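Coordinate inspection notes
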Amino acid sequence: MLNFKPKNIVILTGAGISAESGISTFRDKNGLWENHDVMDVASPSGFDRNPELVHKFYNQRRNQLNSENVIPNAAHKALAKLEEEFEGEVTIITQNVDNLHERAGSNNVIHMHGELMKMRCVESGKILLWKSDLSVDTKCPCCFKKGNLRPHIVWFGEFPLFMDKIEKKLNDCDLFISIGTSGQVYPAAMFVNMVKANNQLAIEANIEETNISESFDFHLTGKASEVITKLVSDILAL
Ligand code: OAD
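For the rest of this paragraph, the subject is empty space enclosed by the protein. Enumeration over the complete set of coordinates arrives at two cavities of 30 Å³ or more. A volume near 40 Å³ is recorded for the largest cavity. Around the largest cavity sit L12, F176, S178, T181, G183, A188, A189, V192, I212 and F216, which together line it. In terms of residue class, the lining of the largest cavity is built from seven nonpolar, three polar and no charged. Considering only enclosed or pocket space, the second largest cavity measures out at about 30 Å³ in volume. If you go around the second largest cavity, the residues you meet are I11, L79, L82, I177, I179, I228, L231, V232 and I235.

Following this line, the structure appears as structure tokens:
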């Protein structure tokens with residue numbers, strides 16, 4: 001599959017890489033969007049209508065992420081090992097709002113959809129680390145007003161973060177690996193087209209084929225923990 005030694009690897013991750021750590025995906029059976037109306041809990045209009053419901057949804061997600069049984073799995077660890085041992089550059093662009101890549105040891109991580117463990121003041125735009133629950137009565141530590149904090153999450157209808165940096169990373173890479181994402185949310189779903197326009201090699205890893213599998217040069221079928229551990233050891237052996 002890999003008949004050259006890459007110098008610059010970009011990895012896109014989605015909810016599937018964290019599924020084996022016990023975090024629900026969005027669109028699989030029993031996924032988050034099957035049990036919640038996305039426009040109620042993940043849109044600016046939903047937050048305007050019912051901020052308490054939105055806070056409750058993200059408080060649950062944050063508490064789950066902080067629970068002791070949610071830990072990085074073998075796929076997160078393999079990517080951290082790749083960053084540490086690979087001679088070239090490794091960048092992770094993640095759609096995930098969890099912190100499992102960082103907890104596994106990855107340093108070069110771009111969170112394009114925001115982060116669960118951060119809040120943002122809607123007045124100042126200041127981003128704050130946040131571990132506990134949030135409610136409409138929580139006072140913002142920067143402006144001291146109630147109701148000014150919102151989750152630092154990119155909601156539907158909002159622009160993903162760091163797009164200029166991401167575009168440059170995609171242009172500069174010679175190997176693109178997409179892991180555990182259904183390819184249904186843009187712009188992440190079109191990253192493969194951007195790299196293929198430059199003739200870079202693109203590999204998809206997922207437990208099943210996705211709507212965009214045909215755009216990739218190779219599709220690896222299986223659990224991320226197994227497929228990515230093997231792929232990383234193959235890359236490090238080149
Ligand atoms: P999805 O829930 O849409 O897709 C998860 C993918 O992971 C599916 O294609 C599964 O087949 C695959 N999968 C599940 N378990 C796996 C495993 N053990 N190993 C490998 N693959 C596995 O999640 P995303 O594509 O990440 O946005 O969703 C993209 C965005 O949609 C999310 O970031 C979120 C959501 O709305 C925001 O909240 C802004």
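Right, let's talk about the environment of C143 for a bit. In this structure, C143 sits in the loop between β5 (127-129) and β6 (149-153). Each C-alpha atom of the pair C143 and R49 lies 23 Å from the other, and the pair is 94 residues apart in sequence. Residues contacting C143, with those up to four places away along its chain left out, are C121 and N148.

Time to look at the packing of aromatic side chains. Applying the stated criterion across every chain yields a total of six aromatic pairs. Measuring from ring centre to ring centre gives 5.2 Å for F47 and W155, while their planes differ by 45 degrees; the resulting arrangement is tilted. Remark: W155 occurs in the loop between β6 and α8 (163-172) and F47 occurs in helix α4 (residues 44-49); sequence separation between them is 108 residues. With respect to class, F47 is no different from W155; both count as buried. Summarising the aromatic geometry, the rings of F57 and Y58 are spaced 4.9 Å apart at their centres and angled 85 degrees between planes, so their arrangement reads as edge-to-face. Given the relative accessible area of 3%, F57 is considered buried.

Here the focus is the sheet that holds strand β4 (residues 114-121). The antiparallel open sheet is built from three strands, whose spatial order is β5-β4-β6. In this open sheet, the two strands that pair with only one neighbour each are β5 and β6. Pairwise comparison of adjacent strand axes, ignoring direction, gives a mean angle of 45 degrees for this sheet. Summarising the sheet, β4 and β5 pair through three bridges and their orientation is antiparallel. What sits directly across from R120, in β5, is I127.

Below, the discussion takes up the sheet that holds strand β1 (residues 8-13). Spatial strand order, β3-β2-β1-β7-β8-β9: six strands in an open sheet with parallel pairing. Looking at the sheet topology across the chains shown, the edges are occupied by β3 (109-111) and β9 (218-221). Each strand axis lies, on average, 20 degrees off the axis of its neighbour in the sheet, ignoring direction. The pairing of β1 with strand β2 (residues 89-94) spans six bridges and is classified as parallel. By the bridge assignment, L12 is partnered in β2 with I93. The sheet contacts of helix α10 (residues 224-236) involve β1, β7 (175-179), β8 (201-206) and β9, and relative to β7 the element is tilted by about 165 degrees.

Take the site of the ligand next. Neighbouring the ligand are 24 residues; F26, R27, T181, S182 and N206 lie closest to it. Within the contact set of the ligand, an oxygen atom lies 3.5 Å away from a backbone nitrogen or oxygen of G16. Here an oxygen atom of the ligand sits 2.8 Å away from a polar atom, N or O, in the side chain of H113. Taking 790 Å² as the accessible area of the ligand by itself, protein coverage stands at 95%. Taken together, the residues of the shell around the ligand sort by class into nine nonpolar, 10 polar and five charged.

Okay, the side chain of H111 next. Counting through the fold element by element, H111 comes out in strand β3. A polar atom in the side chain of H111 sits 2.9 Å from the backbone oxygen of N96. Excluding residues that lie within four positions of it along the chain, H111 makes contacts with T94, N96, V97, D98, E102, L161 and F162.

Parameters at a glance
Residues numbered from 1 in each chain as written. Predicted model: local features only at pLDDT ≥ 70, side-chain atom pairs only at ≥ 80, totals over all residues. Heavy atoms only, no water. 1 Å grid on protein atoms, 1.4 Å probe; cavity = no way out; pocket = protein on both sides within 12 Å on 5 of 7 lines; lining within 4 Å. Points joined across faces, edges and corners; volume = space filled by probe spheres on them. Nonpolar A, V, L, I, M, F, W, Y, C, P; charged D, E, K, R; others polar. Helix = DSSP H or I, 4+ residues; strand = E, 2+ residues; numbered from the N terminus. Contact = heavy atoms within 4.5 Å. Phe/Tyr/Trp six-rings, centres within 6.5 Å; stacked < 30°, edge-to-face > 60°. Buried < 20%, exposed > 50% of the residue type's maximum accessible area, 1.4 Å probe, protein only. Pairing = 2+ DSSP bridges. Axes fitted to C-alpha atoms, helices over the stretch in contact; angles between N-to-C directions. Near = heavy atom within 4 Å. Polar contact = N/O pair within 3.5 Å; in protein donor to acceptor, adjacent residues only side chain to side chain. Areas by Shrake-Rupley, 256 points an atom, 1.4 Å probe, with all protein chains shown as cover.

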